[in-house]
Structure formats: structure tokens, C-alpha cells
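Structural overview
Each chain, letter by letter, is given below.
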Amino acid sequence: IYIGGKFRGIGGVPGAPRRHAARVSRATAALDPTWLPEPNDRVQRLVVAPDGARVYIAGNFTAVGGCGTTPCHAYLAAVSPTTGLLDTAFDPIIESDGGAFASVYAVALSQDSQTLYLGGEFDTVNTIRRSGAAAVDSATGGATTSFAPALTDTNPNDTEVQVYDIQVDRDWIY
């Protein structure tokens, strides 16, 4: 079982802190000491690829896997399901205008697992304008140009678009 959130330890295991992501045994809830993605801030959502080849993690983090500089796989990353090591081939660039707060709150795979849909608080994905909702290639994180819902929020007190959940049902995205 993969767990993501805001925490710094799990299971009371001395000398085995976990930052925001962990894998535990389904039978005993024992911590898997070998799974170490180590995002530097909270994980909002985890999705395991249907073929089991990757675990996608999304959240407020700006670095994963001990990156020496930030941003490094900020807000959305793919990691190994067995070790938690970063899959460096998957690297979307997610940003907010003017360096404002950004996060990915929701992720969902297409029926064929070729596209990863994401929702959150951001303005661009791979330099393409995508306010709060976007789609990327599930293997590389490259932007897909066909999914562009152009969301807006006209609330004068908070104009930042924020998408907290996203679901895929055959040809429809909710």
C-alpha cells in the first residue's frame, strides 16, 4: 500500500523517517524500508500505473529523490514502484505565473494509460498555458495539446483556478 500526505515518519520505526510518502505491507502495515521517493513537501495524490511500472506522485513538493537543486521534478513525478527511485524520463515542467504558489492535487490516467490528466493550482505545463487542468504523456511528461479546458475563475477575491479532483471515464474527463 502506498501512502502520501504530510508526515515525517511512519510506524514509529527509529532511524527510518519518511518524508510525505511511504509504502507499507497490506497484511501488517510494516514499513518498506527500501521505498524512498523522498519528496520535500506534502503529497496530495498517488496513482499506480495499471501495469505496475510506475507510481505517480503529485503535490506541493519542489524536489523528489534527493535532487541537489530545486525545482527538480516539482509538483508531479514518477517513481519506481519497488524502490521509489525517480524515473528521470518523466519530467513535466509545472509553473504558476510570477513564481506564485503551485501544486498538483489530482491525477488520473486515461483508459489506455498513455495520458496522465492533472488538476491543481498552476498556470502552465511545459510552457503551454493550462490553468488548473492539463494532460501530459504518461511516459515522458510532455504536454499534450489536445486537452485544454481553459478554466477561469472570476471571483475578484481569488482568481486562481484550483482543481482538486479529476476522473476519467472512457471519453469523458470529470
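Here, every reference points to the structure presented above.
Let us look at the structure shown here. (Residues numbered from 1 in each chain as written. Predicted model: local features only at pLDDT ≥ 70, side-chain atom pairs only at ≥ 80, totals over all residues. Heavy atoms only, no water.)

What follows deals with the overall build of the protein chain. The secondary structure content of the protein chain amounts to zero helices and 13 strands. Tracing the protein chain from N to C terminus, the helices and strands come up as β-β-β-β-β-β-β-β-β-β-β-β-β. Radius of gyration (C-alpha) of the protein chain: 16 Å, near the 16 Å computed for a compact globule of 174 residues. Dimensions of the protein chain, computed from the C-alpha atoms along their principal axes, are close to 50 × 35 × 25 Å. Each of the 174 residues in the protein chain was classed as buried or not, and the buried ones make up 45%. Of all intrachain contacts in the protein chain linking residues separated by at least 6 positions in sequence, the fraction that spans at least 24 positions is 39%. For the protein chain, the accessible surface area stands at approximately 8800 Å², while carbon and sulfur atoms represent 52% of it. Taken as two groups, the 12 positive and 18 negative side-chain charges of the protein chain have centres that lie 9 Å from each other. (Helix = DSSP H or I, 4+ residues; strand = E, 2+ residues; numbered from the N terminus. Rg over C-alpha atoms; globule rule 2.2 N^0.38 Å. Buried < 20%, exposed > 50% of the residue type's maximum accessible area, 1.4 Å probe, protein only. Contact = heavy atoms within 4.5 Å. Areas by Shrake-Rupley, 256 points an atom, 1.4 Å probe, with all protein chains shown as cover. Lys, Arg positive; Asp, Glu negative; His and termini not counted. Charge placed at Lys NZ, Arg CZ, Asp CG, Glu CD.)

Across a sheet, paired strands are connected by hydrogen bonds in the backbone, their directions being either parallel or antiparallel. The three strands lie next to each other as S6-S9-S10, forming an open sheet whose pairing is antiparallel. Two strands bound the open sheet, and with one partner strand each, they are strand S6 (94-95) and strand S10 (128-129). (Pairing = 2+ DSSP bridges.)

It is worth spelling out the sheet that holds strand S3 (residues 43-48) at this point. The three strands are arranged S3-S4-S5 in an open sheet whose pairing can be described as antiparallel. The sheet terminates laterally at S3 and strand S5 (76-79), the two strands that pair on one side only. Ignoring strand direction, the axes of neighbouring strands in this sheet form an average angle of 20°. Two strands pair when backbone bridges link them, and strand S4 (residues 55-59) and S5 are joined in this way by four bridges, in the antiparallel orientation. Looking at S5, one finds that Ala58 is bridged to Leu76. (Axes fitted to C-alpha atoms, helices over the stretch in contact; angles between N-to-C directions.)

Let us now look at the nonpolar core. Leu76, Ile94, Val104, Val107, Leu116 and Leu118 are the most contacted members of the largest nonpolar core, which totals 20 residues. Breaking this core down by element, the ones donating at least two residues are S4, S5, strand S7 (103-109), strand S8 (115-121) and strand S11 (133-137). Among the elements that make up this core, the one with the highest residue count is S7 (three residues). In this view, Val107 contacts Arg45, Val47, Ala58, Leu76, Leu116, Tyr117, Leu118 and Ile166; residues no more than four positions away in its chain are not counted. (Core = buried A, V, L, I, M, F, W, Y, C linked by side-chain atoms within 4.5 Å.)

Spatial relationships are all this shows, so hold off on functional conclusions.
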